[in-house]
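Listed below, chain by chain, are the residues.
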Amino acid sequence: MSAPTHSPRAPIPLNPAQAEAVEHLNGPLLVLAGAGSGKTRVITQRIGRLVEKGIPSKAILAMTFTNKAAGEMAERAHAVMQENGNGGAAKALTVSTFHSFGLSVLQREQKAMGGAFTIFDQGDVLSCVKEILSRERIGKSFDASAIVGRISNAKNAFMQPEDLPDDGKDEYDEITKIVYPKYQAAMRAFRAYDFDDLVCEVGQLWKRRPDVLARWQESFRYILVDEYQDTNRAQMEVLRQLCAPHKNLCVVGDDDQAIYAWRGADVENILSFEEHFPGAKVIKLEQNYRSRAPVLDVANAVISKKLIGHQKTLFTDKPGGDLVQVRVAATPQMEAEWVSKEIKRMIRDFGKRPKDFAVLYRSNGQSKDVEEALREQMIAHKVVGGQTFFERKEVKDLLSYLKLTLNRSDEIALRRVINYPPRGIGEQSVEKLALNALGRGWTLWQAVERVDALDDIPPAAREGCKQLERVMGETRKQLLAERMKASDVARDLCERVGLKRDIEGSSPSNNAAGRRWGNVEALFRTFERRETRRGDAHDEVGGEQGLAGFLHALTLQMNSEEEATTDVTILSTLHGAKGLEFDTVFLLGCEEGLLPHSRTLEVRATDSTPADVEEERRLFYVGVTRARERLYLSRAKHRVSRGKPVPRTPSRFLLEIPPEMVEEDEIREELDPSFDAMNEGAASVLAALAALDALK
DNA sequence: CGTGGCCGGCTTTTT
DNA sequence: GCCGGCCACG
């Protein structure tokens, strides 16, 4: 992570607004913290202050949005306590995301009910809904992911199946009204929770069981929430429940940085905080400690055009700074090439390091050209986000076997591996098993186990079922009875099902086989790393609990392969860059259709969230405010989409910036022979465009 | 039942 | 231009 949001300024005293926020300890408090205004510092100082005042740190709960943010905040809070001489209290502090907090509540409360449960990721949820659609024989050609989106929206709004209106606005509302209850029933039968459940099932549980709620209210008497603008209705309800008796809720956020409405976040939470929590105090932090004036001017210019929300204007007392640079390239390839050369130049001429730079863009697909160009210039870099490792087929397959070992009701995991590697249980046989299960009230796994009691299963499939049952039985024994380490269990399992053999046999090349098996081995290593790390004594490593805990953690932090990557240039989407800051920021693709993205410009029937161009504006704002010293905004004049070259127009946000605030220039073509190969693609695009023009 | 090839569609952001 | 789904064949 290359975001030391604090280091050089730690000794600077709090400004009056910050101090007020730190000292206001009791009752609801809303801190409207502009970008770079020291909000994390306010939260951590406030935690330190609470502890100084004698509040036991175990009664304090700090909520963040991402795992990364949680880790950072815990670290900084510990540092503050250390400074205050309360280092001993640090361990008992709880800093977690809403999702992992929800998980631990459900885990603790359901221990009595016994048994492991599974967390479904997007892919699992999608399979589940597809399964329901086909089982229910609901017409045809519904977009399952659109339905998933609507269900998720309902959950985010803290709505149960019966809370959905009978008269939906469109056919997707209607189909969702039918599917949602069936989906919930299936999830409970599978002993599975989806991401949204981790929050709203807690709210539902507390609603049903005031006695349980009372216990949690007693254990957490001071709540702090970061990035409050990104919370959804369900999260707000959970907070409201938790704070009901003491009202000690401090939320920090910035409505100008609300960029997750598409995922159910409700800006109303921060806009109406004072209504939700009567008597709330509101404090605005407007002094920016991060960026030079020219960067801030652009940020203010963009955000002042917004239509709703709390008005804030950031200011700085840092003098000087370079004018914001706007660059226009012929193609995205040339844009990327220019970025890489500019970074190289600044490293060479000004002693900058790779980590001083970030390249930001709207969508993951834009990273490819930049990666290539940076590789060409030999600049160390890292692409954040862009789901990768845990999405790989072979990784998901192995994880499914392990999930199934712990929770044999997990039908999605079972379906994934029931015939992988092939063991004679084809699609027809799976459907027969499922039908039998349905008719007899068994789970699918029970149908596999009791295949002898079924008469319409072909012999090959019958054998396959017995084989699978044997494999799973042995694995379960190793894990539960012998309490073997997860890494060893996983290795044995692969051996038993012949995973390596299958990968080698089914891969197109030796190379591909090596890579795929390498992914499996990487997963082994991930297990081993956790087993050896075990600094936190309360985490069991072996056996059922150890594996279950680890699988949950893996699902909740899919893409954080947290390796201390230090001195590298960061490539990230704008969403992924929130909360980070860099010396120099390149914001690529400032074009209509990309930023704002075309998906928000043209509405589609399957959309589950109303498109909002204002959110794109805030996204642009987030990108701009990541820069400390220098900011570059760039765009390409032509881009290839769907195989065809398309002329591009500058982003409306670019046009809204007063011209005197920026310096604009064309990126001129370099006569560097080593780039001939790269420019070939660009040249052919230009040639095609010329041909197109000639036709007209 | 399993495999390979062909055709078609489309492409945001993530706990 | 790429990936994924579908169909036909072995």
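The structure under discussion appears in the preceding block.
Thresholds applied
Throughout, a residue's number is its position along its own chain's written sequence, starting from 1. Here chains are named by letter from A upward and ligands by number from 1 upward, in the order in which they appear as written. Side-chain atom pairs in this predicted model are given and counted only at pLDDT of 80 or more, local residue features only at pLDDT of at least 70, and totals for whole chains, interfaces and linings cover all residues. Calculation of side-chain values draws on the structure's entire complement of heavy atoms; hydrogens and water are dropped beforehand. Only heavy atoms are used to decide nearness, and a residue is near a molecule or strand if one of them lies within 4 Å of it. Polar contact criterion, stated in full: a pair of N or O atoms within 3.5 Å, where within protein one must be able to donate a hydrogen and the other to accept it, and residues adjacent in sequence count only if both atoms are side-chain atoms. By definition here, a salt bridge exists when the distance from a side-chain nitrogen of Lys or Arg to a carboxyl oxygen of Asp or Glu is within 4 Å. By the criteria applied, helices consist of DSSP H or I runs no shorter than four residues and strands consist of E runs no shorter than two, each listed in order from the N terminus. Accessibility here uses a 1.4 Å probe with only protein chains present; expressed as a share of the type maximum, an area under 20% marks a residue as buried, one over 50% as exposed, and anything in between as partly exposed. A pair of strands is labelled paired if DSSP reports no fewer than 2 bridges between them. Axis geometry follows a simple rule: fit a line to the C-alpha atoms, using only the stretch in contact for helices, then measure angles between N-to-C directions, giving values from 0 to 180 degrees. What makes two residues a contact is simply this: any of their non-hydrogen atoms within 4.5 Å. The length a helix should cover is 1.5 Å for every residue beyond the first. Geometric relationships in this document are graded by angle, where less than 35 degrees denotes roughly parallel, more than 145 denotes roughly antiparallel, 65 to 115 denotes roughly perpendicular, and other angles denote oblique. Definitions for this section: a left-handed crossing has its near helix turned counterclockwise from the far helix by less than a right angle. A right-handed crossing has that turn clockwise. Any residue that is not Ala, Val, Leu, Ile, Met, Phe, Trp, Tyr, Cys, Pro, Asp, Glu, Lys or Arg is counted as polar, Gly included; the first ten are nonpolar and the last four charged. Any Phe, Tyr or Trp ring, taking Trp's six-membered ring, that has another such ring centre within 6.5 Å forms a pair; planes under 30 degrees apart are called stacked, those over 60 apart edge-to-face, and the others tilted. A ring is considered to have a charge above it if a Lys NZ or an Arg CZ atom is located within 6 Å of its centre and within 35 degrees of its normal. Throughout, a disulfide means two cysteine sulfur atoms within 2.5 Å of one another. Of the two site types, the cavity is a set of points on a 1 Å grid over the protein atoms alone where a 1.4 Å probe fits but cannot get out, and the pocket is an open set with protein on both sides within 12 Å along at least five of seven lines, each lined by residues with an atom within 4 Å of a point. Grid points are joined across faces, edges and corners, and a volume is the space filled by probe spheres set on the points.

Engineer: Describe the protein's contact with DNA strand B, listing the residues and the values that go with them.
Structural biologist: Residues in contact with DNA strand B amount to 25 residues; listed here are only the nearest, Gln122, Arg362, Asn364, Gly426 and Ser429. If you look at DNA strand B and keep only atoms within 4 Å of the protein, 52% of those are sugar or phosphate atoms. Between DNA strand B and Trp262, the relevant distance is 3.1 Å, taken from a base oxygen to a side-chain nitrogen or oxygen of the residue. Within the backbone of Asn364, a nitrogen or oxygen atom sits 2.5 Å from a phosphate oxygen of DNA strand B.

Engineer: Pulling in residues and values, what's your account of the pattern of salt bridges?
Structural biologist: Tallying each qualifying case throughout the model produces 55 salt bridges. Close ionic contact of Lys281 with Glu20 constitutes a salt bridge, the shortest N to O distance being 3.0 Å. Of this pair, Lys281 sits in strand 8 (residues 281-285) while Glu20 sits in helix 1 (residues 16-23), and the two are 261 residues apart along the sequence. Glu20 sits in the partly exposed class, given a relative accessible area of 38%.

Engineer: Residues and numbers for the sheet that holds strand 8, please.
Structural biologist: Strands sit in the order 3-2-6-7-1-8 across an open sheet of six strands; the sheet is parallel. Edge strands, defined here as strands with exactly one partner in the open sheet, are strand 3 (94-97) and strand 8. Geometrically, the sheet is characterised by an average inter-axis angle of 15° between neighbouring strands, direction not taken into account. Looking at chain direction, strand 1 (residues 29-33) and strand 8 are connected through five bridges and run parallel. Considered in strand 8, the bridge of Ala33 is made with Leu285. Where helix 3 (residues 67-83) meets the sheet, it contacts strand 2 (60-64) and strand 3, and its direction lies at approximately 165° from that of strand 3. The strands touched by helix 4 (residues 98-110) are strand 2, strand 3 and strand 6 (222-225); relative to strand 3, the strand with the most contacts, the crossing angle is about 105°.

Engineer: Talk me through helix 2 (residues 39-52); I want residue IDs and the actual numbers.
Structural biologist: A rise of 1.5 Å per residue sets the reference length of helix 2, with its 14 residues, at 20 Å; its end C-alpha atoms lie 20 Å apart and thus fit the reference within 8%. Here helix 2 lies mainly inside the structure; 10 of its 14 residues are buried. When we look at burial in helix 2, the residues that qualify are Lys39, Arg41, Val42, Ile43, Thr44, Arg46, Ile47, Gly48, Leu50 and Val51. Following helix 2 by one or two positions, Gly54 adopts a phi angle in the positive range, close to 100°.

Engineer: Pulling in residues and values, what's your account of the sheet that holds strand 9 (residues 324-329)?
Structural biologist: For sheets, the rule is that strands pair by backbone hydrogen bonds, running either parallel or antiparallel. Strand order in the open sheet made by the seven strands is 11-12-10-13-14-9-17, with parallel pairing throughout. Each of the sheet's edge strands pairs with one partner strand only, and the pair in question is strand 11 (381-383) and strand 17 (662-666). Between one strand axis and the next, the sheet turns by 20° as a mean value, whatever way the strands run.

Engineer: Run through the side chain of Lys155, naming residues and quoting values.
Structural biologist: Its location among the elements puts Lys155 in helix 6 (residues 144-156). Judged by its relative accessible area of 1%, Lys155 is buried. Discounting chain neighbours no more than four positions away, the residues touching Lys155 are Tyr180, Tyr183, Gln184, Asp194, Asp196, Asp197, Cys200 and Ala234.

Engineer: Tell me about the packing of helix 20 (residues 459-481) against helix 21 (residues 486-497), residues and numbers included.
Structural biologist: Helix-helix packing: each pair is described by the crossing angle between the helix axes and the interaxial distance. The N-to-C vectors of helix 20 and helix 21 enclose an angle of 165°; their axes lie 10 Å apart at closest approach. Here helix 21 runs roughly antiparallel to helix 20, going by the angle between their axes. The way helix 20 lies across helix 21 gives a crossing that is right-handed. Residue-level inspection shows Val471, Glu474, Thr475, Gln478 and Leu479 of helix 20 in contact with helix 21, the latter providing Val489, Asp492, Leu493, Arg496 and Val497. Partitioning the contact of helix 20 with helix 21 into residue classes produces five nonpolar, two polar and three charged.

Engineer: Quick one: what's the story with the packing of aromatic side chains, residue by residue and with numbers?
Structural biologist: Under the definition given, this model contains 17 aromatic pairs. Relative to Tyr193, the ring of Phe117 has its centre 5.0 Å away and its plane inclined at 85°; by these criteria the two rings are edge-to-face. In this pair, Phe117 is assigned in the loop between helix 4 and strand 4 (118-120) and Tyr193 in strand 5 (residues 192-194), connecting sequence segments 76 residues apart. Each of the two residues, Phe117 as well as Tyr193, counts as buried. In textbook terms, an aromatic cluster arises when at least three aromatic residues are bridged by ring pairs, as seen for Phe101, Trp206, Trp216 and Phe220. Its end group placed over the ring of Trp442, Arg440 keeps NZ or CZ at 5.3 Å from the ring centre.

Engineer: Just give me the short version of the state of the cysteines, but keep the residues and values in it.
Structural biologist: Disulfide: a covalent bond connecting the sulfur atoms of a pair of cysteines. One pass over the structure, following the stated rule, counts zero disulfides. You can see Cys128 has no disulfide; the closest cysteine sulfur is in Cys200, sitting 15 Å from it.

Engineer: How would you explain empty space enclosed by the protein if you had to name every residue and give the values?
Structural biologist: Applying the stated criterion across every chain yields a total of four cavities of 30 Å³ or more. If you add up the space inside the second largest cavity, you get close to 70 Å³. Of the residues in the lining of the second largest cavity, the class split is six nonpolar, four polar and one charged.

Engineer: Residues and numbers for the side chain of Arg290, please.
Structural biologist: Following the sequence through the fold, Arg290 ends up in the loop between strand 8 and helix 13 (293-303). The buried category is assigned to Arg290, whose relative accessible area is 7%. In terms of polar contacts, Arg290 uses its side chain to reach the side chain of Glu581, at 2.8 Å. With sequence-adjacent residues up to four places away left out, Arg290 is seen in contact with Ala35, Gly36, Lys318, Leu580, Glu581, Thr625, Arg626, Ala627 and Arg628.

Keep in mind that these numbers describe shape and distance, not what the molecule does.
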